[in-house]
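Understanding the architecture of this molecule
Each chain is listed here by its residues.
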Amino acid sequence: MLGLGAAGLVSAPYVQRGTESVLGAVSGKDPTGVTGLLPNGGGFRYYSVAPSVPHRGPRDYGLAVGGLVDRPAHHSLADLRAMPQQRMVRDVQCVTGWRVPHTPFEGVRLSHVLELAGVRPEATAVRFTCFDGIYSESLTLKQALRDDVLVALRMQDKNIGHEHGGPVRLYVAPMYFYKSAKWLSGITLTREVQPGYWEERGYSVDGWVGRSNGRDDAPTAA
């Protein structure tokens, strides 16, 4: 029994990585979201609302910034990597209940991207779109300017992979994880908040962990 236990400890990391790889590959072709309900030793659940999501990389990724701005922009992956980077470690909390503690994220503060674009006075909100062609999210401008909101390029100290919404995703540390839109491709300044994909289906627009969606989870950020 001791031998079997030791063998399990040795093999566990390899089994976990293999499980994560398989689930990641399957979830990219799963329109039902069933793979998001499967157990995963890494803590994360893979989920997409689109039947399939194209892969993007250094050659074909772009982040468009527009709407009520003075200087519309189109940032390549190299552009984003060249900007000042911020690293933070926070718990990740899903509105369905699972939580991944002490998760490192690294990227460009959204406030920096907005500053480069020059936000016009009439803008009060920010809309986010994704290259899956379906998902969207929104924040108020005040929320978007927080220091703990990132245009994230790295997660768990490695480049964000496709299954986790890479190469670039939004990360909103104090809110439930549905606010951290995967496969980020567009940032648009708007006059008012436009409810995102899940808000149109009943989720709270202001998705603060522990203060919305009828849940009392411990906050992930102050």
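To be clear, the structure that these remarks concern was listed above.
Residues numbered from 1 in each chain as written. Predicted model: local features only at pLDDT ≥ 70, side-chain atom pairs only at ≥ 80, totals over all residues. Heavy atoms only, no water.

**Considering the sheet that holds strand E6 (residues 136-140)**
As summarised here, the arrangement of the five strands in space is E2-E1-E10-E5-E6, forming an open sheet in which the pairing is mixed. This sheet does not close on itself; its edge strands, each paired only once, are strand E2 (73-76) and E6. Between one strand axis and the next, the sheet turns through 15 degrees on average, direction left out of account. Of the strand pairs in this sheet, strand E5 (residues 125-130) and E6 are connected by five bridges, and their pairing is antiparallel. Each bridged residue has a counterpart across the sheet, and for Phe128 the counterpart in E6 is Glu137. Along the sheet face, helix H3 (residues 110-117) touches strand E1 (62-67), E2, E5 and strand E10 (184-190) and points at about 60 degrees away from the line of E10. (Pairing = 2+ DSSP bridges. Helix = DSSP H or I, 4+ residues; strand = E, 2+ residues; numbered from the N terminus. Axes fitted to C-alpha atoms, helices over the stretch in contact; angles between N-to-C directions. Contact = heavy atoms within 4.5 Å.)

**As for the environment of His55**
Mapped onto the elements of the fold, His55 is located in the loop between helix H1 (2-27) and E1. When its relative accessible area of 56% is taken as the criterion, His55 is described as exposed. Along the backbone, His55 and Asp132 are 77 residues apart, and their C-alpha atoms lie at a distance of 9.3 Å. Excluding residues within four positions of it along the chain, His55 makes contact with Asp60 and His162. (Buried < 20%, exposed > 50% of the residue type's maximum accessible area, 1.4 Å probe, protein only.)

**Brief notes about the side chain of Glu137**
Considering the arrangement of structural elements, one finds Glu137 in strand E6. Given the relative accessible area of 0%, Glu137 is considered buried. Within the structure, the side chain of Glu137 is placed 2.8 Å from the side chain of Lys179, a separation counted as a polar contact. Apart from the residues lying within four places of it in its own chain, the contact partners of Glu137 are Val126, Arg127, Phe128, Tyr178, Lys179, Ala181, Gly196 and Glu199. (Polar contact = N/O pair within 3.5 Å; in protein donor to acceptor, adjacent residues only side chain to side chain.)

**Comments concerning the pattern of salt bridges**
Counted under the stated rule, the structure contains 10 salt bridges. Between Glu137 and Lys179 there is a salt bridge, and its shortest N-O distance comes to 2.8 Å. Placement of the pair is Glu137 in strand E6 and Lys179 in the loop between strand E9 (169-172) and E10, with a sequence separation of 42 residues. Taken together, the shared-partner salt bridges in this structure form one network comprising Glu137, Lys179 and Glu199. (Salt bridge = Lys/Arg side-chain N within 4 Å of Asp/Glu carboxyl O.)

**Section: the packing of aromatic side chains**
Following the criterion strictly, the structure yields eight aromatic pairs and no others. Summarising the aromatic geometry, the rings of Phe105 and Phe177 are spaced 6.4 Å apart at their centres and angled 65 degrees between planes, so their arrangement reads as edge-to-face. Of the two residues, Phe105 sits in strand E4 (residues 99-109) while Phe177 sits in the loop between E9 and E10, which places them 72 residues apart along the sequence. Residue Phe105 shares its accessibility class with Phe177, and that shared class is buried. When the centroid spacing of 4.8 Å and the interplanar angle of 75 degrees are considered together, the rings of Tyr178 and Tyr203 count as edge-to-face. Of the two residues, Tyr178 sits in the loop between E9 and E10 while Tyr203 sits in the segment after E10, which places them 25 residues apart along the sequence. Tyr203 gets classed as partly exposed once you look at its relative accessible area, which sits at 25%. Taken together, the ring pairs connect Tyr135, Tyr178, Tyr197, Trp198 and Tyr203 into an aromatic cluster. Above the plane of the ring of Phe131 lies Arg56, whose end atom (NZ or CZ) is 5.3 Å from the centre. Stacked on the ring of Tyr197, the Lys or Arg Arg201 has its end atom at 3.7 Å from the ring centre. (Phe/Tyr/Trp six-rings, centres within 6.5 Å; stacked < 30°, edge-to-face > 60°. Lys NZ or Arg CZ within 6 Å of the ring centre and 35° of its normal.)

These results come straight from atomic positions and should not be treated as a statement about function.
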